[in-house]
Amino acid sequence: MYESFLLPYPISPYMTPKPQFLYADLHIHTVYSADSIIQPKTLVDMLAAHSYIKAAAVTDHNSVRGCRVVAELARAYPDILIIPGTEITTDNGDMLVLGTYELPPKPWTPENVADYARSIDGVSIIAHPFRTYGMGEYAKNVKADAIEILNGGTGKEGNTQAKEFAKALGLPGTGGSDAHQSSELFSICTQIETSLNLDSVLAAIKKGAVSARLAKSILIF
Ligand SMILES: [Zn+2]
């Protein structure tokens, strides 16, 4: 009867496997945004060196040049993932599109941007809704996949409001540093239940298998 206590771990065919988490900064600007000074190589080096954040979405303003350059540099590192994307200045406020190396077709209305993301199996996210360049309550009219509920350039109040807004709409909440200089990189991340694979990451975000976190609050290793 003691034998079961001697086993290091209960062995059962019904054991559910431990969830696999990826930590990703889902909102980053490089020098291909006019207001950022982050060099693509710096981003790749810092991601490769980071102890647990292993994925980064490059979301330059109205441009996909940055994500193309960063993804090319990152090919040398098998254990990091660059999520290509862009941050579009729509008529009503900023939106992130993840999973694209191309810009959405114009005119850049929120509806068109969300439709484009859907058409390529990408992800559309309402960026920092309750901040400058945010969409505010208008986001209710947009069929976006997620709301950014933790943004590095937004105050506590704006982020809390975004979190409640996402909850009311029943949409997943993502987080990203919105870094424009290297010291701001990886301050915020999204915990995603997925493997290190772009399609799986995008699907997991849409499914809501995400949790936005302050990076300094994570104690996993
Ligand atoms: Zn931004």
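Everything that follows concerns the structure shown earlier in this document.
**Digging into the environment of Gln161**
Of note, Gln161 is situated in helix H5 (residues 156–169). Separated by 33 residues in sequence, Gln161 and His128 have C-alpha atoms that sit 9.8 Å apart.

**With respect to the packing of helix H2 (residues 40–49) against helix H3 (residues 65–74)**
Put simply, H2 and H3 touch, their axes get as near as 9 Å, and they point 45° apart. Judged by the inter-axis angle, H2 sits oblique to H3. Handedness of the H2/H3 crossing: right-handed. Along its contact with H2, which presents Pro40, Lys41, Leu43 and Val44, the element H3 presents Gly66, Val69, Val70, Leu73 and Ala74. The class makeup of the residues in the contact of H2 with H3 is seven nonpolar, one polar and one charged.

**Points about H5**
Compared with the 20 Å implied by 1.5 Å per residue over 14 residues, the 20 Å span of H5 between its first and last C-alpha is a close match. The set of residues buried in H5 consists of Asn159, Ala162, Phe165 and Ala166. Along the axis of H5, the buried residues cluster in a sector spanning 120°; they form a single face. In H5, those exposed residues whose orientation departs by more than 90 degrees from the buried face are Lys156, Glu157, Lys167 and Ala168. Positive backbone phi, approximately 70°, marks Gly170, located one or two places after H5.

**A closer look at the sheet that holds strand E6 (residues 146–151)**
In a beta sheet, neighbouring strands are held together by backbone hydrogen bonds and run either parallel or antiparallel to one another. Spatially, E7-E6-E5-E4-E3-E2-E1-E8-E9 is the arrangement adopted by the nine strands of the open sheet, whose pairing is mixed. Looking at which strands have only one partner, the edges of the open sheet turn out to be strand E7 (173–176) and strand E9 (210–214). On average, each strand axis in the sheet is inclined to that of its neighbour by 35°, with strand direction left out of account. Taken strand by strand, H3 contacts strand E2 (53–61) and strand E3 (81–89), and its axis lies near 175° from that of E3.

**Regarding the nonpolar core**
Counting 57 residues, the largest nonpolar core has Ala24, Ala56, Ile125, Ile147 and Val201 as the members making the most contacts within it. In this structure Ala56 touches Ala24, Asp25, Ile28, Leu43, Leu47, Ile82 and Ile83, once residues within four positions along its chain are discounted.

**Quick look at the pairing of strand E1 (residues 21–28)**
Of all eight residues in E1, seven are buried; the element is thus mostly enclosed. As paired elements, E1 and strand E8 (residues 188–193) share four bridges and run antiparallel to each other. Across the sheet, residue Ala24 finds its bridge partner in E8, namely Thr190. Examined bridge by bridge, E1 and E2 share four bridges and lie parallel to one another. Paired with Ile28 across the strands is Val58, a residue of E2.

**Things to note about the environment of Lys206**
With respect to the element layout, Lys206 can be found in helix H6 (residues 198–207). For the pair Lys206 and Ala144, spaced 62 residues apart in the sequence, the C-alpha separation amounts to 9.7 Å.

How each quantity is defined
- Residues numbered from 1 in each chain as written.
- Predicted model: local features only at pLDDT ≥ 70, side-chain atom pairs only at ≥ 80, totals over all residues.
- Helix = DSSP H or I, 4+ residues; strand = E, 2+ residues; numbered from the N terminus.
- Axes fitted to C-alpha atoms, helices over the stretch in contact; angles between N-to-C directions.
- Parallel < 35°, antiparallel > 145°, perpendicular 65-115°, else oblique.
- Left-handed = near helix turned anticlockwise from the far one by under 90°.
- Contact = placed C-beta atoms within 7 Å.
- Nonpolar A, V, L, I, M, F, W, Y, C, P; charged D, E, K, R; others polar.
- Expected span 1.5 Å × (residues − 1).
- Buried ≥ 20, exposed ≤ 12 C-beta atoms within 10 Å, placed from the backbone.
- Arc of directions from axis to C-beta.
- Pairing = 2+ DSSP bridges.
- Core = buried A, V, L, I, M, F, W, Y, C linked by C-beta atoms within 7 Å.

Interpretation in functional terms is not warranted from these geometric data alone.
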